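Structural overview for review
Residue strings, one per chain:
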Amino acid sequence: MSQPTDADARARAEIIQLAVDERWARDTGQWELMHASYHDDAHVRVGWFNGNAHDFIEGSRAMTPPGEKWSSAFHVIGPTSVTMAGDRALADTGCTVHRRDLVGDVEIDHVLYVRHRSMVERDGVGAWKLRSLRACYQRDTVTPVIPGEAIPIDKGRLPAYRASYKLMSYLSDVAGRLVDQTLPGTDRPDLIDELIAEEEAWLAGGTWTPRLPSGEAAAQ
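None of these values were measured; they are calculated from a predicted model.

**Remarks on the nonpolar core**
- Tyr38, Val44, Phe56, Val120 and Tyr137 are the most contacted members of the largest nonpolar core, which totals 31 residues.
- When contributions to this core are tallied by element, the ones reaching two or more residues are helix H1 (6–27), helix H2 (31–36), strand E1 (38–46), helix H3 (53–63), strand E4 (88–103), strand E5 (106–122) and strand E6 (128–144).
- In terms of residues, this core owes the most to one element, E6, which gives five residues.
- Once you skip the residues sitting within four places of it in the chain, valine 44 turns out to touch Tyr38, Phe49, Asn50, Gly51, Ala53, Phe56 and Leu133.
- If you look at the next biggest cluster of nonpolar residues, it comprises nine residues, including Val103, Ile108, Tyr161 and Tyr170.

Below you can see the structure in the form of structure tokens.
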């Protein structure tokens, strides 16, 4: 087995930093840095979005409360595992997503436990950029901001939602937004296996076609 070179170590460090910087930029309103993290034709698929990365960034910007610089959500990033093949790589990062929300008149903290998986590729000048960002969901929780307050959740509706992002689905549904129930999650390991197989085929030199809501997609 060949030993990693200094160039390999530098590339891994750059990819790990990219995973951190993209989420930091999103949380702190550094929109130009966030744009610079992605290839122009990159794809993002998370609970609230499925499409071009730059539309995702503008959607994230629009979600920032008026008059505030930072997002109402923040991401706590864990270690990133990197698998490399020449100018392509795969990155897998553990993450918790923290949001403050309202259920009725009760203020809550909503936490999502996810893994962010990305295909990463050097651009024309040698910089590593994201070709994709896709979330694999594990579970989520809600707690009242004021201890002891009862959260008015209609428990009878919960069985209709996927276990790996049940409360995200419920809160979005109550707010009039539907969440795709075919996202990769630990309650559907087949969908995670399918995502990983797509990434590994791409890493080996193949093409990849994002699954967009409209059915329109471009090979990458």
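**Considering the environment of alanine 163**
- Along the chain, alanine 163 falls in the loop between E6 and helix H4 (166–174).
- By relative accessible area, alanine 163 is classed as partly exposed at 48%.
- For the pair alanine 163 and tyrosine 137, spaced 26 residues apart in sequence, the C-alpha to C-alpha distance is 9.2 Å.

**What to know about the sheet that holds E1**
- In spatial order, the strands read E2-E1-E6-E5-E4-E3; together these six strands make up an open sheet with mixed pairing. Bordering the open sheet on either side are strand E2 (49–52) and strand E3 (73–85), each of which pairs with just one other strand. The average angle at which neighbouring strand axes cross in this sheet is 15°, direction not considered.
- As paired elements, E5 and E6 share 13 bridges and run antiparallel to each other. Bridging from a neighbouring strand, tyrosine 113 pairs with arginine 139 of E6.
- This element, H3, spans E1, E2 and E4 of the sheet and lies at about 60° to E1.

**Section: a nonpolar patch on the surface**
- A cluster of nonpolar residues, Ile16, Val20, Trp24 and Leu33, forms a patch on the protein surface that exposes about 320 Å² of accessible area.
- For the nonpolar patch, the element with the highest residue contribution is H1, accounting for three residues.

**A look at the side chain of threonine 93**
- Relative to the helices and strands, threonine 93 resides in strand E4.
- Within the structure, the side chain of threonine 93 is placed 2.6 Å from the side chain of threonine 80, a separation counted as a polar contact.
- Apart from the residues within four sequence positions on either side, threonine 93 is in contact with Ala19, Ile77, Gly78, Pro79, Thr80, Val114, Arg115 and His116.

**Comments concerning the packing of aromatic side chains**
- Counted according to the given criterion, the structure contains five aromatic pairs.
- With 5.5 Å between their ring centres and 55° between their planes, tryptophan 48 and phenylalanine 49 make a pair best called tilted.
- By relative accessible area, phenylalanine 49 is classed as buried at 15%.
- Pairing tyrosine 137 with tyrosine 165 gives two aromatic rings, centres 5.1 Å apart and planes at 50°, and the pair type is tilted. Highlighted residues: tyrosine 137 in strand E6 and tyrosine 165 in the loop between E6 and H4, separated in sequence by 28 residues. The same class applies to tyrosine 137 and to tyrosine 165, which are both buried.
- An aromatic cluster is present here, built from Trp48, Phe49 and Phe56 joined pairwise through their rings.
- Sitting over the ring of tyrosine 113, arginine 139 keeps its end group 4.2 Å from the ring centre.

What counts, and where the lines are drawn
Counting from 1, residues in each chain are numbered in the order their sequence is written. A pLDDT threshold of at least 70 governs which residues receive local features in this predicted model, and a stricter bar of 80 or more applies before side-chain atom pairs are shown or counted, although totals over entire chains, interfaces and linings include all residues. Computation of side-chain values covers all heavy atoms of the structure but excludes hydrogens and water. Nine residue types can take part in a nonpolar core, namely buried Ala, Val, Leu, Ile, Met, Phe, Trp, Tyr and Cys, and a core is a set of them joined through side-chain atoms within 4.5 Å. Only protein chains enter the calculation, and the probe is 1.4 Å; a residue is then buried if its accessible area is under 20% of its type maximum, exposed if over 50%, and partly exposed in between. In DSSP terms, a helix is any run of H or I states spanning at least four residues, a strand is any run of E spanning at least two, and both are numbered starting from the N terminus. Throughout, a residue-residue contact means that at least one pair of heavy atoms, one from each residue, lies within 4.5 Å. A pair of strands is considered paired only if DSSP assigns at least 2 bridges between the two. To get an axis, fit a line to the C-alpha atoms, keeping to the stretch in contact for a helix; angles then go from 0 to 180 degrees between the N-to-C directions. Any residue with relative accessible area above 30% and no salt bridge may belong to a patch, with like charges joined within 9 Å and the nonpolar Val, Leu, Ile, Met, Phe, Trp and Tyr side chains within 5 Å. Accessible areas in this description were obtained via Shrake-Rupley with a 1.4 Å probe; residue shielding takes into account the shown protein chains only. Any carboxyl oxygen of Asp or Glu within 4 Å of a side-chain nitrogen of Lys or Arg constitutes a salt bridge here. Counted as a polar contact is a pair of N or O atoms within 3.5 Å, where, for protein atoms, one must be capable of donating a hydrogen and the other of accepting one, and residues adjacent in sequence contribute only when both atoms are in side chains. Side-chain rings of Phe, Tyr and Trp (the six-membered ring for Trp) are treated as a pair once their centres are within 6.5 Å; stacked means planes under 30 degrees apart, edge-to-face means over 60, and tilted covers the remaining angles. We call a charge positioned over a ring when the NZ of a Lys or the CZ of an Arg lies within 6 Å of the ring centre and within 35 degrees of the ring normal.

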